[in-house]
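Breakdown of the fold
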Amino acid sequence: MIFDTRINGIPCQCNVINYTPYIPMRVYGSGMGDADPPEYPEFDFEILDRNGRRAKWLDRYVTDEVADKLFTEFLNKDIE
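Residues numbered from 1 in each chain as written. Predicted model: local features only at pLDDT ≥ 70, side-chain atom pairs only at ≥ 80, totals over all residues. Heavy atoms only, no water.

What follows concerns unusual backbone geometry. For Asn8, which is not a glycine, the phi torsion comes out positive at approximately 55°. Mapping Asn8 onto the fold places it in the loop between strand E1 (2–7) and strand E2 (10–20). For Asn8, a relative accessible area of 54% puts it in the exposed group. (Helix = DSSP H or I, 4+ residues; strand = E, 2+ residues; numbered from the N terminus. Buried < 20%, exposed > 50% of the residue type's maximum accessible area, 1.4 Å probe, protein only.)

Shown next as structure tokens:
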């Protein structure tokens with residue numbers, strides 16, 4: 001999935017390469033070892049320019065906060 005976004009005020013696109021949703025802990029027995037731990041979401045992406053070409057020069061602006069913003073935008077786009 002590719003969606004339009006802005007990084008550091010620069011219009012660009014986010015190409016989602018891989019998304020694996022959150023999977024909660026699964027308990028299948030009564031003992032402490034009878035459970036599968038939760039699996040946290042994976043969100044891999046690359047930044048493209050407005051023409052759809054890879055924009056590696058924008059990667060320097062992708063902080064943890066920006067990655068979280070992109071993940072939120074992706075989830076909201078998925079709902080629409």
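So, next bit.
We now examine the pattern of salt bridges. Counted under the stated rule, the structure contains 5 salt bridges. Across the salt bridge formed by Asp49 and Arg53, the nearest N and O atoms sit 3.2 Å from each other. Of the residues examined, Asp49 reaches a relative accessible area of 17% and is grouped as buried. Assessed through its relative accessible area of 52%, Arg53 is described here as exposed. Each member of the salt-bridge network shares a partner with another, and the members are Glu46, Arg54 and Asp59. (Salt bridge = Lys/Arg side-chain N within 4 Å of Asp/Glu carboxyl O.)

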